[in-house]
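Spelled out from the first residue to the last, the chains are:
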Amino acid sequence: MKFRKPVFEKIAYKLNGIINYSTIWSEMEFRVYKLSDDIKKKELFQNYRTSILNCFDVFLKSPARISFENIFKILAPTLEGLLKNYISLKCLKGVNDKNLGTIATSLAKHSNLSKEFIEFLKVIITPIRNFTLHGNVPSERVSQFVVLMVLDLYEELVVS
């Protein structure tokens, strides 16, 4: 059978079906579902849980209407706070938590987080810093890259 996309989506909605389109959004949807359950359970995410889960909920309900720039605006600022919570919960000594840059450098020396985690963190510091300090939102493609990296970092923080 062939349907126009709007008709197909109405049928899928009425059947309460889950349709995955092979796009960046379908990868995001899979990761968001998995992370949502983990974030609800972890103490580390307690202070940012509502913000992150609300962002995930908006994304899951209408991915076509949300941009990576909007997701970036919500998720990027949570990273520094989550890392400060991580340092506190793990009782890491000698970690300078003044800002995201010093956190990344200190965690490389004083934590059991993977080398890949630290490298990802260092790569995305500049766009996050530009937004949190100056309100400059990066382009859609840079926002997409940062959001995907933030999700990677969340995933490692969930298991650590």
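So, a few notes on the structure that sits alongside this text. In this text the structure is predicted, and so the values were computed from the model without any measurement.

Thresholds applied
- Residues numbered from 1 in each chain as written.
- Predicted model: local features only at pLDDT ≥ 70, side-chain atom pairs only at ≥ 80, totals over all residues.
- Heavy atoms only, no water.
- Helix = DSSP H or I, 4+ residues; strand = E, 2+ residues; numbered from the N terminus.
- Buried < 20%, exposed > 50% of the residue type's maximum accessible area, 1.4 Å probe, protein only.
- Salt bridge = Lys/Arg side-chain N within 4 Å of Asp/Glu carboxyl O.
- Contact = heavy atoms within 4.5 Å.
- Core = buried A, V, L, I, M, F, W, Y, C linked by side-chain atoms within 4.5 Å.

1. What about unusual backbone geometry?
Line of reasoning, step 1. At C91, a position not held by glycine, the phi torsion is positive, near 50°.
Line of reasoning, step 2. Within the secondary structure layout, C91 lies in the loop between helix 5 (78–89) and helix 6 (100–110).
Line of reasoning, step 3. Owing to a relative accessible area of 54%, C91 belongs among the exposed residues under this scheme.

2. Let's talk about the pattern of salt bridges
Line of reasoning, step 1. Applying the stated rule across the entire model yields five salt bridges.
Line of reasoning, step 2. Residue R31 pairs with D152 through a salt bridge whose shortest N-O separation is 2.3 Å. Here R31 is found in helix 2 (residues 24–41), whereas its partner D152 is found in helix 8 (residues 140–159), with 121 residues between them in sequence.
Line of reasoning, step 3. The partner of K84 in a salt bridge is E80, with the nearest N and O atoms 3.4 Å apart. Remark: E80 and K84 occur in helix 5; sequence separation between them is four residues, near one turn of the helix.
Line of reasoning, step 4. Given the relative accessible area of 30%, K84 is considered partly exposed.
Line of reasoning, step 5. Since its relative accessible area comes to 23%, E80 is described here as partly exposed.
Line of reasoning, step 6. Through salt bridges with shared partners, a single ionic network connects R31, D152 and E155.

3. Looking at the environment of V146
Line of reasoning, step 1. Summarising the element assignment, V146 is placed in helix 8.
Line of reasoning, step 2. For V146, a relative accessible area of 1% corresponds to the buried category.
Line of reasoning, step 3. Note: C-alpha distance between V146 and N85 (61 residues apart in sequence) is 21 Å.
Line of reasoning, step 4. Not counting the four nearest positions on each side in its chain, V146 is found in contact with F72, I124, P127 and I128.

4. Remarks on the nonpolar core
Line of reasoning, step 1. Ranked by internal contacts, the top residues of the largest apolar core, which has 46 residues, are F56, L75, L107 and Y154.
Line of reasoning, step 2. Secondary structure elements with two or more residues in this core: helix 2, helix 3 (49–61), helix 4 (68–75), helix 5, helix 6, helix 7 (115–134) and helix 8.
Line of reasoning, step 3. Ranked by the residues each element gives to this core, the list is headed by helix 8, at ten residues.

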